[in-house]
Each structure stands twice: as structure tokens, then as C-alpha cells.
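Inside the fold
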Amino acid sequence: MYGFEQMLLNVLFLLVFLLFVPIILEINTYRFFNEHKRIIHTVSTTLAIISCMSFPIPLMEGYIFDLRLVALTIGGLYGGISVSILLAAVTVFFRFLIGGAGAIGTAMVVSILLIFLIYINQPFQKASRKRKVVLASSLSAFGTVIIMLNSTFLFGATFSTIFLILYMLTSVCATASIVYVYEVFHDHILVHKRVMKAEKMEVVSHLASSISHEVRNPLTTVRGFMQMMLQSEIPEEKRKEYLKISIGEIDRANDIIRDYLTFAKPSPENVKTLNIKEELNRTFQIVTPFANMNGVEIRKKIDDYLFKGEEQLFQQCLINLTKNCIEAMPNKGLLTIETKEENGNLLLIISDNGQGMTKEQLARIGEPYFTTKGREGTGLGMLVSIRIIESMSGKLSVESQVNEGTSFYIRLPRVEEGA
């Protein structure tokens, strides 16, 4: 009735090509260059215009009605002057392909609308959200009035009052709604980007503060012992003890700086094929004395699997994780290390039966200034381990329960022997 179904179909085309496609582009803004986004916007608007004209409201022989001018208005205002001219040309060209007396009328109406599009394009780009809605709606209403006058006086078309009101309301409401929703979503994306940037800067600030604090502590300790060693009456035994403590503090500062540099490093450089069994055996040589000091038994079930990675970085990751497990079992415990194949990938499982973590602590794993070790840790070790595994195209996940223990699952792409 009165072409209501065709008008709803035209509105659907406008929503898909002028609202959903731009919103998807905004969501994936980092995947496209600005020039690519501009091209996609133009193609999407062109499809909207062609779709509307392909499913029109037939009123008289050779003369059709649709919502092509709504698409032309929105696409021209957001695309700029050059896009407005291109869309106007496409509209006229496709209308002449359809044929009929209305093709000449379309050329006249589009030409008049193009002049106004060019005139208000710059003010529209700089306008606020409310003003953009008003400008776009007014231009759409103006285009609708031109169509009606052109059809009535030049081509003798007659319309019912209900159709005129329905067509005008649909054009104006569709334009206002699309522009408003897009602007709201665009503003939301901008706010989200600012929040993300602020969060990144906050993380960097906390990280720098944490590094500064943690490095200053051992240096202060070393300075204090050095000052004490300047006193000549200190026994040789005490002097050696102070030197030993100072060396340990310097090593701790060195570990913190190394972890920070590894975190800042974007990707491994010396990538080669590694054997998980050989890498784990190297790790055992380093952590076994530490495990014995804490009364921790190491139980292993490892096989030969090959994968790609940088040996030094992967060793650092293994040492960080195994040390975390051992430190979680200060009064004896069991450290289990197992390798297996899972869906063509290498799965390395490192587990302890220590104190475990709560759900809240587990959710914060990987934050640069979060640690369950109190003043003994910075949280960098876990962050570095995650970063290393991700740089090897792998994934590190954690499962933990309080008083039952923690398990680290490392999944890495396997490499076939001889590949």
C-alpha cells in the first residue's frame, strides 16, 4: 500500500550500506588505511544508491520513486566534494540505464542537490553532532521537495497526500537516524581510543615507577654495605659476607633490568629450531639447586618435540615460570613438568601443588606491577614470559586454585624434523 514495502526495503539498504558498513570500519579502524576506508565508504554508498533504484516504488510509466537521494546526501556529506561528484554521476548514469522519462528529472534534481552538497560540505565536516543531524535532514527534506515539484510541474505526476507525507517522513527520519547513530558510535569509538591511550600511559607510568623502585632498593643496600666496608675495623669474615650480599643485590637489579628490556623488546631476533627436551634439561640444571634448597621434588615426563624460538628468551621464560612454582612451595612440594602433543601443537605443562591463587589474583596475571610475592617481586617475570611465548606465535594460559596449586600451559606450533 502506497509503496510502503518498497520504502522499507530501501531503508534496509540504507541501514546496511550507510550505517553497518561504516560502523564495522570504525571497529576495525587499525586494519585499514584512511585511503582504503574512503574507498570502501564510496563503494558502500554506491551500492546503496544502486540497490534503492533497483527496488523502486513505481507510480507511473517510466517514472519511479526511491530513497537514492538519502544515500547520495549522506555519502556526499561524509565523503567530501570529490565523492559527492562521483556519487552524483553514478546516480544519473544508473538512472539512464534503467530508462524512462524520469531519467531526465533525476539528472536535474541530482544537479541541484550536488550544488548544495558542495556548498555545505565544509560546514558539515566541522559541525557538532546535533548540527550535522539538522544539516543532513534539512538537505534530505530539500531534495524530497525538489523531487515532488519536478515530478508535478515537469512530468505531470499526481500523488496522494498520504504518499507525500509518508515519503517525506521516511526520507527525513532515515537520514536523521543514520547520521545520529553513526555520530554517536563514532564519538564512542573516539572516547574508547582516548581511554585506551590513557590506560597505556598509566601502565607505562606504573611500570617505570616499579622499575625505579625495585632497582633503587638493591642499589641502596649495596651502597650501605660499601660504606660499612670502608671502616677498617670490620673483620674479614664480615667483609666477605657484605660482599656476598652486595653481589646478590646487584644480580637482583640486573634481573629486573633484563626483564624490563625483554618486555620492551618487540620480537625474537635469533630464531632457530629448538628441541623442548634439550631446553628443559638446561632449565633443570639451573633450577634444581634452588628446588633442593626449598625441598621441592621435580617430576618430569618429557619427549622430543621441535619448535621455533630464540633459545635465550625461551630459557628465561622457563626459568621465570619454574622459579615461580618453586617459590609458591616454600615448605616442600612437587614440581611437575610434562610435554605432549595437542592438535598438532606442542603442549608444555608446568605445575606445582603450592598455595595457588584466587580468581581475582588469576585475573590480574601479567600486569606489570602485580605480584603475589609481596615486596620480593615486581610482576615483571610473568609479563615477560607471556610476551616471549606470544612472540613465538604461542599462547600461555594459567589455571590455579587456592591451596591446590597452579598450572602453566604453554602451547607452541610444532616443527617437523627436517623441515
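Our next topic: the side chain of arginine 68. Looking at the element boundaries, arginine 68 is found in helix α3 (residues 68–79). At 2.6 Å, the side chain of arginine 68 and the side chain of aspartate 66 are in polar contact. Ignoring anything within four residues of it in the chain, the contact list for arginine 68 reads Ile49, Cys52, Met53, Thr91, Arg95 and Thr106.

A word on the side chain of threonine 42. For threonine 42, the position within the fold is in helix α2 (residues 34–54). Here threonine 42 falls in the buried class, since its relative accessible area comes to 13%. A polar contact is formed between the side chain of threonine 42 and the backbone oxygen of arginine 38, at a distance of 2.8 Å. Look past the residues within four positions of threonine 42 in its chain and what remains in contact with it is Val83, Leu86 and Leu87.

A word on unusual backbone geometry. In this structure, serine 393 is a non-glycine residue whose phi angle is positive, near 65°. Mapped onto the fold, serine 393 is located in the loop between α12 (380–391) and β8 (395–401). Its relative accessible area of 60% is what places serine 393 among the exposed residues. One non-glycine residue, asparagine 403, adopts positive backbone phi at about 65°. Looking at the element boundaries, asparagine 403 is found in the loop between β8 and β9 (405–413). According to the relative accessible area criterion, asparagine 403 is exposed, its value standing at 64%.

On to the nonpolar core. Ranked by internal contacts, the top residues of the largest apolar core, which has 48 residues, are Leu14, Phe65, Leu72 and Tyr167. Of all the secondary-structure elements, those providing two or more residues to this core are α1 (4–27), α2, α3, α4 (81–98), α5 (102–126), α6 (129–155) and α7 (161–229). Ile302, Leu321, Leu348 and Met357 belong to the second-largest nonpolar core, a separate cluster that totals 35 residues.

Going through the model one piece at a time under the given rule, you end up with 11 salt bridges. Of the charged contacts, one joins aspartate 187 and arginine 129 as a salt bridge, the two residues approaching to 3.0 Å between their closest N and O atoms. Taken together, the positions of aspartate 187 in helix α7 and arginine 129 in helix α6 put the pair 58 residues apart, joining distant regions of the chain. On the accessibility criterion, aspartate 187 (26% relative accessible area) is partly exposed. In this structure, lysine 272 engages glutamate 311 in a salt bridge whose closest nitrogen and oxygen atoms are separated by 3.2 Å. With lysine 272 in strand β3 (residues 272–275) and glutamate 311 in helix α10 (residues 311–327), this residue pair connects regions lying 39 residues apart in the sequence. Judged by relative accessible area, which is 25%, glutamate 311 ranks as partly exposed. When salt bridges that share partners are traced, they join Lys272, Glu279, Arg282 and Glu311 into one network.

Between two aromatic rings, the relevant description is the distance of the centres plus the angle of the planes. Under the definition given, this model contains nine aromatic pairs. Ring centres 5.3 Å apart and planes at 85° place the aromatic pair phenylalanine 65 and tyrosine 167 in the edge-to-face group. In this pair, phenylalanine 65 is assigned in strand β2 (residues 63–65) and tyrosine 167 in helix α7, connecting sequence segments 102 residues apart. Of the two residues examined, phenylalanine 65 and tyrosine 167, each falls in the buried class.

Turning our attention to the packing of α3 against α5. In the contact formed by α3 and α5, the axes pass within 8 Å of each other and the chain directions differ by 30°. Accordingly, the angle class assigned to the pair α3 and α5 is roughly parallel. Considering how the two elements wind past one another, α3 and α5 form a crossing that is right-handed. On α5, the residues touching Arg68, Leu69, Leu72, Thr73, Gly76, Leu77 and Tyr78 of α3 are Thr106, Val109, Val110, Leu113, Leu117, Ile120, Asn121, Phe124 and Gln125.

Another point: a nonpolar patch on the surface. A surface patch of nonpolar side chains, amounting to about 710 Å² of accessible area, comprises Phe96, Ile104, Met108, Val145, Leu149, Phe153 and Leu154. Of all the secondary structure elements, the ones that give two or more residues to the nonpolar patch are α5 and α6. The leading source of residues in the nonpolar patch is α6, at four residues. Along the polypeptide, leucine 154 turns up in helix α6.

Further remarks concern the pairing of β8. Judged by which residues are buried, β8 turns out to be one-sided: Leu396, Val398 and Ser400 face inward and are buried, whereas Lys395, Ser397, Glu399 and Gln401, on the alternate face, are not. Sheet topology note: the β8/β9 ladder contains seven bridges and is antiparallel. Within the sheet, the bridge partner assigned to leucine 396 lies in β9 and is isoleucine 410. A loop of three residues connects β8 with β9, the two strands running antiparallel in sequence, and asparagine 403 in this loop sits at a positive phi of about 65°.

As a further point, take the environment of serine 82. With respect to the secondary-structure elements, serine 82 resides in helix α4. For serine 82, a relative accessible area of 47% puts it in the partly exposed group. C-alpha separation for the pair serine 82 and isoleucine 118, spaced 36 residues apart in sequence, amounts to 9.0 Å.

The residue tyrosine 242 is located in helix α8 (residues 236–264) in this model. C-alpha separation for the pair tyrosine 242 and threonine 221, spaced 21 residues apart in sequence, amounts to 10.0 Å. In this structure tyrosine 242 touches Phe225, Met228, Met229 and Ile234, once residues within four positions along its chain are discounted.

Rules and cut-offs
Residues numbered from 1 in each chain as written. Predicted model: local features only at pLDDT ≥ 70, side-chain atom pairs only at ≥ 80, totals over all residues. Heavy atoms only, no water. Helix = DSSP H or I, 4+ residues; strand = E, 2+ residues; numbered from the N terminus. Polar contact = N/O pair within 3.5 Å; in protein donor to acceptor, adjacent residues only side chain to side chain. Contact = heavy atoms within 4.5 Å. Buried < 20%, exposed > 50% of the residue type's maximum accessible area, 1.4 Å probe, protein only. Core = buried A, V, L, I, M, F, W, Y, C linked by side-chain atoms within 4.5 Å. Salt bridge = Lys/Arg side-chain N within 4 Å of Asp/Glu carboxyl O. Phe/Tyr/Trp six-rings, centres within 6.5 Å; stacked < 30°, edge-to-face > 60°. Axes fitted to C-alpha atoms, helices over the stretch in contact; angles between N-to-C directions. Parallel < 35°, antiparallel > 145°, perpendicular 65-115°, else oblique. Left-handed = near helix turned anticlockwise from the far one by under 90°. Patch = residues over 30% accessible without salt bridge, like charges linked within 9 Å, V, L, I, M, F, W, Y side chains within 5 Å. Areas by Shrake-Rupley, 256 points an atom, 1.4 Å probe, with all protein chains shown as cover. Pairing = 2+ DSSP bridges.

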